[in-house]
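# Notes for the structure review
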Amino acid sequence: MIIKKIMDYGRDKGFKALTVKLRERIRYKIETDRYMRENVLSEEGLERQSREKFDRAVKISICVPVYNTERKMLEEMLMSVLNQTYSDWELCIADGSTSNYRYIESIIRGINDKRIKYVKLNINGGIVDNSNAACSLATGEYIALLDHDDVLSPDALYEVRLAIDKGADYIYSDEASFSKSVNNPDIIHFKDEFSIFNLRGNNYICHLSVFKKALFDKVGGFRRGFDGSQDHDLILRLCEIAENIYHIPRVLYYWRVHRNSVASDIEAKPYCLTTGVMAVESHLNRMKISGTVEIAVPNASVYRVKYKCLVKPAIINNIENIKGVTNEYIIVAKPDLKFHAEAVNEICQILQLENVGMVGGMVIKNGKIQYATLSEKGGRMYSEYAGTPEISDGYMKRLKYAQRADYIPCQFFGIRKSVLENMMYFEDNLWEDDKVIDMCKRMRKHGYEIVFDPWARAER
């Protein structure tokens, strides 16, 4: 399976891209193994969690559509729920399996736990109808989605419960993909904080997802016609109306990789790409945003959104000159940069959207990324993706879609005049890089989003 994926990638992208991909996967595996070593759950810690008392009762309904699940996978899924340190849950299972999988019902009904609700469906209605059937059994205040062949970390619901006490109505966590054992995952998806731009580009939220049942009922549950991307469609609709979306930066969900799973290969369910585009297009329509959606990476559920844009910006090469510009839209770019076609339009089409304060592009030199975004770690700034080959898809293909950023470097970015005026511009006594970083900090405080668009490219 892995060999096939490697061969397919080399065929589609070429040997050089394959070499880059393999090197990156090795690095991601090293980071995955480090996380697993440094985040071992102790028996004492789990016992402490199981004894903790909360001020109010909050039941979490874990909803699972089951279909022809292999015995071992089913048992591992069930045990991961039974082993939760937070005990106020119910497991809602809708089983659409065929007659030669009768052992599924026997195993589930054989568990002596009143928190388990099970219904054998008369017909297999497909992933959408079966998921809705499982959710229809829920009586909890919150719903948690769990696939029939995946596994929860024993502290998953406990961590979710802590987030609920912080007022979260939608909660998601980091996740790991594994092929053999949850103790040795293939790769961990360390996720970003919530941004609608990230979610338009990819269903990065995915697992674990927990949300108020009232939100699920309000949006009408899963929708037919989005099979394969039904989760992405649902999450988009939920996040449009959720008031407090909370990210737990811990691995609470283990996504099993096997021959029939999307985690293994999109070719297992190729229709996912079509329905994924439909999900993002439907979201844009609901938001009354004019734009088109296309697949950004062959055989991957990653999408490039192109927004309709008619604005023309002023282009300057020094941030000091901003105060004298009268245009609402301003591009700041170093004088030695050569823009790729549509680079300026790429920035402006996002910059014009509501609540966007700044949009950064990518600077490339000698086939490698020189500047993309900046992040702060340990009180120091570091440049993400610096030195990465231009042909790289990036971690979790993040170099293929627009996304939130903590900070933008001063090399190539767009900004709106009105946003600057709202913030009283910037501190004059700072260096140029620090001026932009200072603006980014204050933009976030004012509720503006900072976006990095990897399709807005310039060379030097």
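Let me begin by describing the structure that accompanies this report. What you see is a predicted model, and the numbers here were worked out from it, not measured in a lab.

This part covers the environment of E459. Its place among the elements puts E459 in strand β21 (residues 449-459). Judged by relative accessible area, E459 falls into the partly exposed class, the value being 27%. Sequence spacing of E459 and I107 is 352 residues, and the spatial spacing of their C-alpha atoms is 60 Å. Once residues lying within four places of it in the same chain are set aside, the contact partners of E459 are D336, L337, K338, H340, I364 and E390. Only 3.1 Å separates the side chain of E459 from the side chain of H340, close enough to count as a polar contact.

What follows concerns the pattern of salt bridges. Counted according to the given criterion, the structure contains 31 salt bridges. In this structure, R250 engages E159 in a salt bridge whose closest nitrogen and oxygen atoms are separated by 4.0 Å. Of this pair, R250 sits in strand β9 (residues 245-256) while E159 is found in helix α7 (residues 156-164), placing the two residues 91 residues apart along the sequence. R250 gets classed as partly exposed once you look at its relative accessible area, which sits at 21%. Close ionic contact of R404 with D406 constitutes a salt bridge, the shortest N to O distance being 2.8 Å. One network of salt bridges, with partners in common, ties together D192, R398, R404 and D406.

The subject of this paragraph is the packing of aromatic side chains. Given two aromatic rings, their pairing is described by the distance between the two centres and the angle made by the two planes. If you walk through the whole model with that rule in mind, you get 10 aromatic pairs. Ring centres 5.7 Å apart and planes at 80 degrees place the aromatic pair F54 and Y86 in the edge-to-face group. Here Y86 lies in the loop between α4 (71-82) and β2 (89-95) and F54 lies in the loop between α3 (43-51) and β1 (60-66), a separation of 32 residues in the sequence. Take Y86: its relative accessible area is 7%, and that puts it in the buried class. By way of ring pairs, the aromatic residues Y170, F211, F216 and F222 are connected into one cluster.

Okay, the nonpolar core next. In this structure, Y170 and F412 are the most contacted members of the largest nonpolar core, which totals 59 residues. The element best represented in this core is helix α12 (residues 343-351), accounting for 6 residues.

With that settled, the discussion passes to the layout of surface pockets. Estimates place the volume of the second largest pocket at around 930 Å³. If you trace the second largest pocket, you find 29 residues lining it, with K377, Y382, E384, Y395 and R398 closest to the centre. Among the elements of the structure, α2 (15-38), β9, β17 (373-377), β18 (380-384) and β19 (403-404) are those that each provide at least two residues to the lining of the second largest pocket. With 5 residues, the top contributor of residues to the lining of the second largest pocket is β17. Here the residues of the lining of the second largest pocket sort into 9 nonpolar, 7 polar and 13 charged.

On to the environment of H189, then. By secondary structure assignment, the location of H189 is in strand β7 (residues 187-189). For H189 and Y28, which are 161 residues apart along the polypeptide, the C-alpha to C-alpha distance reads 9.4 Å. Once residues within four sequence positions are removed from consideration, H189 is found in contact with D174, E175, Y204, Y395 and M396.

For the structure shown, the criterion picks out 2 cavities of 30 Å³ or more. Estimated volume of the largest cavity: approximately 110 Å³. In this structure, the largest cavity is lined by 15 residues; those nearest its centre are R304, V305, Y307, Y401 and A402. For the lining of the largest cavity, the secondary-structure elements that each account for two or more residues are α8 (196-201), β11 (303-307), α12 and β21. For the lining of the largest cavity, the leading source of residues is β11, giving 4 residues. Split by residue class, the lining of the largest cavity holds 8 nonpolar, 2 polar and 5 charged. For the second largest cavity, the calculated volume is near 40 Å³. For the second largest cavity, the full set of lining residues is H189, F190, K191, D192, N198, Y204, R398 and Y401. Considering only residue class, the lining of the second largest cavity consists of 3 nonpolar, 2 polar and 3 charged.

Note that Q84 resides in the loop between α4 and β2. At a separation of 2.9 Å, a polar atom in the side chain of Q84 contacts the main-chain carbonyl oxygen of S80. Once you skip the residues sitting within four places of it in the chain, Q84 turns out to touch W89, L152, S153, P154, D155, A156 and L157.

Moving on, we come to unusual backbone geometry. Between H207 and L208 the backbone carries a cis peptide bond, its omega angle lying at -15 degrees. Considering the arrangement of structural elements, one finds L208 in the loop between α8 and β8 (209-212). A positive phi angle, near 70 degrees, is found at Y385, a position not held by glycine. Looking at where Y385 falls in the secondary structure, it is placed in the loop between β18 and β19. Under the relative-accessibility criterion, Y385 is labelled buried at 17%. At K397, a residue that is not glycine, the phi angle is positive and equals roughly 60 degrees. Take K397: it is sitting in the loop between β18 and β19.

Cut-offs and rules
Residues numbered from 1 in each chain as written. Predicted model: local features only at pLDDT ≥ 70, side-chain atom pairs only at ≥ 80, totals over all residues. Heavy atoms only, no water. Helix = DSSP H or I, 4+ residues; strand = E, 2+ residues; numbered from the N terminus. Buried < 20%, exposed > 50% of the residue type's maximum accessible area, 1.4 Å probe, protein only. Contact = heavy atoms within 4.5 Å. Polar contact = N/O pair within 3.5 Å; in protein donor to acceptor, adjacent residues only side chain to side chain. Salt bridge = Lys/Arg side-chain N within 4 Å of Asp/Glu carboxyl O. Phe/Tyr/Trp six-rings, centres within 6.5 Å; stacked < 30°, edge-to-face > 60°. Core = buried A, V, L, I, M, F, W, Y, C linked by side-chain atoms within 4.5 Å. 1 Å grid on protein atoms, 1.4 Å probe; cavity = no way out; pocket = protein on both sides within 12 Å on 5 of 7 lines; lining within 4 Å. Points joined across faces, edges and corners; volume = space filled by probe spheres on them. Nonpolar A, V, L, I, M, F, W, Y, C, P; charged D, E, K, R; others polar.

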